[in-house]
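Coordinate inspection notes
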Amino acid sequence: MWRLRGFRWWHGLLSVLAGAALGAVTNLVTSTFSWSLAAAAAGLVAVQIGLLAWQITESGTDGRPRLDEVLAPLRPERQDVGMVFRLTASYCPSPVRGRAPEIDKLVSWCIDRDESAGVVRMIAGPAGVGKSRLAIEVAERLPQGWLTGRLTSVAGAVDRIAATSQPALIVVEDAENLADLDTLLRQAGRHPAKLRILVLTRAPERLPTSPSLSDPVIRCVLAPVGGRNDRKRWYGEAVRAYAEQLGLPVPELTKEKIGDDEDTFLLLQARALLAVLDRPGRHRASLAAISSDLVGLETQRWTRDALPLTCDAEVLAEAVTVLMLLTSVTTAEAAGLLSRVPQFSHESAQETRVVVARWAFRQYSRGLDGRLDVQPHLVGERLLLDTLARTPELLAGPAADAVPVLARACRTFSGNLPVLLGLVDGDRSLLPTVCSAVIEQGIVGSDVDTALADLVRRHGMTAEIAAAGPQGTPRAAMDVTNLTEQDLRDVLGEDYMDRSDINVRLEGLHIPDAYPRVRCALQEVHVQHCRILAENQPMWAHGPDLVTALLGLASLQRVAGVSQQAVVSAREAVEITRKQARQEPDERPVRLAFALDRLSTHLSDVGLTHEALEASTEATVILQSGAAQEDPDDASVAESYYTHAHRLSEAGRYSEAAAAIEKAVHIYQALVSREPGKHLLELVHAFSHQAEVFYSLRHHDDALTAIRSAIEIQRELADTGLGDSLVRLAHGLSRLDQNRDALAAATEATEICRQLAADAPDQFKPALARALHSLARCLNAVTKTTEAVKAMQEAVLIQQLLAERSPERYQSGLALLLTDFATILSDSGDSEQALKASERAQRIQRALMAAQPDENTVFLAYSLANHAVHLWRCNHRQQATKTLTEATDMYRALAEHEPEAHRDDLARCHLRMATMLEDSGKTTDAIEAYRDAAALLRSAEQNEPASYGSIYRATLVSLRKALERAGRHDEAAAIVVSEHP
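Note that the structure is a prediction, hence the values are computed from the model and not measured.

For strand S2 (residues 120–124), the tally of buried residues reaches 5 of 5 residues, placing the bulk of the element in the interior. Side-chain alternation along S2 places Val120, Met122 and Ala124 on one buried face and Arg121 and Ile123 on a second face that is also buried. Of the pairings in the sheet, the one linking S2 to strand S5 (residues 195–201) comprises 5 bridges and is parallel in character. Residue Ile123 lies in a different strand from S5, and its bridge partner there is Leu200.

Dropping the structure here:
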């Protein structure tokens, strides 16, 4: 229909006046009255008056319908509001709680209409946290005259809304599903004083990366709010509100705890609604139980209505599920999709399918992506997953479009993840799509990581495929020279090539650190690919590529906590490189040295320190004779010295380690001088390890100098590792009893790591736990035990969550944290809680020891030695001495293989045992324990008198006093004369 766009009332008024003036002037300038001109002028006036009336009518009746095509009311009028609909943001009777700061900021952003503030704000958070409810609250607090609504279509939306005279707030729900979001925001940016857009999303990482979503967009990330008392109060308010809304009596409120700490606003409202509907026990029920109850209420509503034709609720659930999974624009398209429903699969059911599609669209609106939008999402997703579990054939046929919807549902109900992963077993080409969807939705956890990794191994390039070609032909025997892609398909097989295509798509995915096993599985697939290419020599000379792939796999396996497998991968890489070095003796063997360095690291991880030292020694010798002669300041030489220093430190050969790390530092300093800006981080790492070596040698001043050098560089680089360096600084200052300075360093480290963890929790939560650990120890050193306990509690909580998600990586660290936590609790006077923490630590260490003894013996010994102290303090003396004896035996066995590495710990165990035995009145046995400690410290004092002289003399003094108490004065006097200065 033709429209005069932009026409305003004043246009018509001016036209009327102009027409009247024309008629008057015409009559004045003519000698006689002209009826024809007067009639023309009157006609013009009449036309303009008519146009003015038409414009007024259009503004009142047609303007809003044109807006209704792109905007829906935030609180739509609905005659029949079912029970479940009362939980949606539009119908929820409860006020918003705990969001006042966010609401005030957003309202001010709208009202101020500051053009420099940007037109977009993003509200992110999990399902049910209150994103839509927050948006409605903001809209309802705006002054009269604002146009508000939920976007239903992008096409022409901005032009239509901007054409009105009103400022507008547009709410975009489930923005991650809107393909044209970038277009919408770019168009809205042209009206910075008039438009405001609230983008609501569960998965902000899925939104397009473009200038429209960069600065000045501010993200408001919502999480569950309120403590236990808050939830109880809000629950009571919600119960009363629903009872009033439904005209039902208010049930008696329970005195028990309401829900869990992670309950969302929606879940709290659902508990209240079910309580009003006389569903007992729902104040503590699980999410699955609550959602199942709500699905039951919704399907009951269907049966109370006039069901289409002969359909029952179960068939309608299948129809709704299909329309939730797949996109349809018209009723005809929806009817076609419903042929997936078993009851509607035959051709004669076309009329029934159309009727059911119309029924579904009357019940529920469609989202921006064209799918049925069953709200609240908690109900829709539970209905979808339950229906698919009952009727999996609904996913038969092309299922790629269903993956995002299923992934969203599985984020809420992670126990149903097999439904999503099962799609790949039916169509392996969906593997990259499914992996991407799981990652984008942030579905994490050890079980999820393992399941995805198994899927990659099962549908990627397997060992069986790598081993043989078509009809079992060995791939190594094939001649693949000059083959086209079709020839390769003929030779290698369609299955092999199809999997290769899948692997290429998988390699394009960014796999976050939260999925270490998936990263390993993908690398295993890559290794298999490189192995096939390497076996088809000489055409495909991919031996070096295979070595690189194996070393990369070993590194990923190390991160994933499967260190034994990492050793296997690294050993194979070394063997291949040795073979190549023998075949090409004239080539500089830097690759072999690099592989040996990596192998030494992995051997060290599994406790094979002797073999690790041998590997790093060989690598250093190779480089000294090769690369070092060509270029003494070569980076590979520096890295080899750095690795070798680590291995020497682990063997307790600290003096040699100091010499090695000094060479690494010197080379890196030369490289930095030669190429400013390069190798700075490597120099930082070298300084950091140099500080650790100096700490072990008790050269504390030198250690502080080294770590301060590292910190100076890190401050210039704004390096994210600054927090860890400050932790090392705090550690060194504490050893020198500079406890105030140590506390300042640990406090700064905690502040830095807390900010980093807020921006990237998956990456920096471990660093925050380390910083809090250091802060707790420093607070304890200045007798701020209450604050120390609080800091350590936070550190333990973070480490516990990390260990739950990736036990292989973080379980050992949790045990060490608990061991130190026990010490702090004991210092605070809470010996019983200290003992419980210590017991938990040694239980974890025993489990780790049973799984991987070589790696965990030293940590279990440390845990047992400390546990013995807490047992003693709680008067469990017999158990304490038994536990300390076990720790001493472990350290003794370790010291037999690596005396310098474990001598100090063994000496400390002997001293603790001596003290316990003396307190028990067993002076003779205590004397023997003192002698054992003195013998160990004597050899150390002879080699390093500055480091061990003080503790050795203190041990002799304790031994002499014990001898005197036992009446063995001659032996005591002999110690004074011959050894005590």
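So that's the structure; there's more coming.
All right, on to the pattern of salt bridges then. Taken as a whole and judged by the stated rule, the model has 42 salt bridges. Between Asp449 and Arg517 there is a salt bridge, with its nearest N and O atoms 3.5 Å apart. With Asp449 in helix H18 (residues 446–459) and Arg517 in helix H22 (residues 516–535), this residue pair connects regions lying 68 residues apart in the sequence. There is no split in this pair, since Asp449 and Arg517 are both buried. Across the salt bridge formed by Glu794 and Arg754, the nearest N and O atoms sit 2.7 Å from each other. You can see Glu794 sitting in helix H35 (residues 785–805) and its partner Arg754 sitting in helix H33 (residues 739–759), a full 40 residues away along the chain. A residue is classified by how much of its surface remains accessible, and Glu794, at 26% relative accessible area, is partly exposed. A relative accessible area of 37% places Arg754 in the partly exposed class. Each of Asp104, Arg133, Glu137 and Arg141 takes part in salt bridges that share partners, so that together they form one network.

In the UniProt entry, the feature "domain: Anaphase-promoting complex subunit" (unreviewed entry) is given for residues 546–580, 685–720, 771–799 and 808–892. Here residues 685–720 runs as 83% helix and 0% strand, with 13 Å between its end C-alpha atoms. With 90% helix and 0% strand, the stretch residues 771–799 has end C-alpha atoms that lie 12 Å from each other.

Moving on, we come to the packing of aromatic side chains. Across all of its chains, the model carries 3 aromatic pairs by this definition. Relative to Tyr91, the ring of Phe85 has its centre 6.5 Å away and its plane inclined at 70°; by these criteria the two rings are edge-to-face. You can call Phe85 buried: its relative accessible area is 10%. According to the relative accessible area criterion, Tyr91 is buried, its value standing at 16%. Geometrically, the ring pair formed by Phe85 and Tyr364 is stacked, given 6.3 Å between the ring centres and 15° between the ring planes.

This part covers the pairing of strand S4 (residues 168–172). Taking burial as the measure, the 5 residues of S4 include 5 buried ones, the bulk of the element. Burial along S4 is two-sided: the face carrying Ala168, Ile170 and Val172 and the face carrying Leu169 and Val171 are both buried. Note that the unit made of strand S3 (residues 147–151), helix H6 (residues 157–162) and S4 has a crossover that is right-handed. Taken together, the 5 bridges between S4 and S5 define a ladder with parallel strand orientation. Of the residues in S5, the one forming a bridge with Ala168 is Leu195. In the classification by handedness, the crossover that spans S4, the intervening helix H7 (residues 181–188) and the parallel S5 is right-handed.

What follows deals with helix H28 (residues 635–650). Look at H28: 23 Å from first C-alpha to last across 16 residues, which is about the 22 Å you get at 1.5 Å a residue. Within H28 the residues assigned to the buried category are Ser636, Val637, Ala638, Ser640, Tyr641, Thr643, His644, Ala645, Arg647, Leu648 and Ser649. Gly652 sits one or two residues past H28 and shows a positive phi near 80°.

Let's shift gears to the side chain of Gln714. Summarising the element assignment, Gln714 is placed in helix H31 (residues 700–717). The exposure class of Gln714 is buried, given its relative accessible area of 2%. Side-chain polar atoms of Gln714 contact the backbone oxygen of Gly721, separated by 3.1 Å. Within the local environment of Gln714, its side chain forms a polar contact with the side chain of Ser725, the two groups lying 2.5 Å apart. Ignoring anything within four residues of it in the chain, the contact list for Gln714 reads Val684, Asp719, Gly721, Leu722 and Ser725.

Our next topic: the packing of helix H29 (residues 654–674) against helix H30 (residues 680–696). One way to put it is that H29 packs onto H30 with a least axis distance of 9 Å and a crossing angle of 160°. Compared by their axis directions, H29 and H30 come out roughly antiparallel. Crossing angle aside, the handedness with which H29 passes H30 is left-handed. For the pair formed by H29 and H30, the contact residues are Tyr654, Ala657, Ala658, Ile661, Glu662, Val665, Tyr668, Gln669 and Val672 on the first element and Leu680, Glu682, Leu683, Ala686, Phe687, His689, Gln690, Val693 and Ser696 on the second. Among the residues forming the contact of H29 with H30, the class breakdown is 12 nonpolar, 4 polar and 2 charged.

Spanning 21 residues, helix H37 (residues 831–851) covers 30 Å between terminal C-alpha atoms, matching the ideal 30 Å at 1.5 Å per step. Those residues of H37 lying buried are Ala834, Leu835, Ala837, Ser838, Ala841, Gln842, Ile844, Gln845, Leu848 and Met849. Residues of H37 that are buried in the fold lie against helix H36 (807–827), helix H38 (853–873) and helix H39 (877–897).

Mean pLDDT over the protein chain: 82, with 84% of residues reaching 70 or higher. Per-element confidence in the protein chain is highest for S4, whose mean pLDDT is 93, and lowest for helix H19 (residues 463–467), whose mean pLDDT is 41. In this model residues 59–63 is a low-confidence stretch, pLDDT under 50, and it forms 3 contacts with partners more than four residues away in sequence or in other chains. Low confidence marks residues 977–981, where pLDDT is under 50. Its contacts with residues over four positions away, or in another chain, come to 9 contacts.

Parameters and conventions
- Every chain is numbered independently, its residues counted from 1 as its sequence is written.
- Given that the model is predicted, a residue must reach a pLDDT of at least 70 before its local features are reported, and side-chain atom pairs must reach 80 or more before they are shown or counted; all residues, however, enter totals for whole chains, interfaces and linings.
- In computing side-chain values, all of the structure's heavy atoms are included and hydrogens and water are not.
- Accessibility here uses a 1.4 Å probe with only protein chains present; expressed as a share of the type maximum, an area under 20% marks a residue as buried, one over 50% as exposed, and anything in between as partly exposed.
- Segments assigned H or I by DSSP are reported as helices when at least four residues long, segments assigned E as strands when at least two residues long, and all are numbered from the N terminus.
- Strands pair, by our definition, only if DSSP identifies at least two bridges between them.
- Just to be clear on terms, a salt bridge is a Lys or Arg side-chain nitrogen sitting within 4 Å of an Asp or Glu carboxyl oxygen.
- UniProt positions are given in the numbering used here, feature names are shortened, and annotations may be inferred rather than shown by experiment.
- Aromatic pairing here means that ring centres of Phe, Tyr or Trp (its six-membered ring) are within 6.5 Å. Orientation follows from the plane angle: under 30 degrees is stacked, over 60 is edge-to-face, and everything else is tilted.
- Here a crossover is taken to be right-handed if, once the strands point away from the viewer, the path from the first strand over the helix to the second is traced clockwise.
- Each helix should span, by expectation, one fewer than its residue count multiplied by 1.5 Å.
- Any pair of nitrogen or oxygen atoms within 3.5 Å is treated as a polar contact; in protein, a donor-acceptor pairing is required on top of that, and neighbouring residues in sequence qualify only through side-chain atoms on both sides.
- By definition, residues are in contact when any of their heavy atoms lie within 4.5 Å.
- To get an axis, fit a line to the C-alpha atoms, keeping to the stretch in contact for a helix; angles then go from 0 to 180 degrees between the N-to-C directions.
- In this scheme, roughly parallel covers angles under 35 degrees and roughly antiparallel covers those over 145, while 65 to 115 is roughly perpendicular and the rest are oblique.
- In this scheme the crossing of two helices becomes right-handed for a clockwise turn of the near helix relative to the far one and left-handed for an anticlockwise turn of less than a right angle.
- Gly is put with the polar residues, along with every residue not named as nonpolar or charged; the nonpolar set is Ala, Val, Leu, Ile, Met, Phe, Trp, Tyr, Cys and Pro, and the charged set is Asp, Glu, Lys and Arg.
- Summary of the metric used: pLDDT quantifies the predictor's per-residue confidence within the range 0 to 100.

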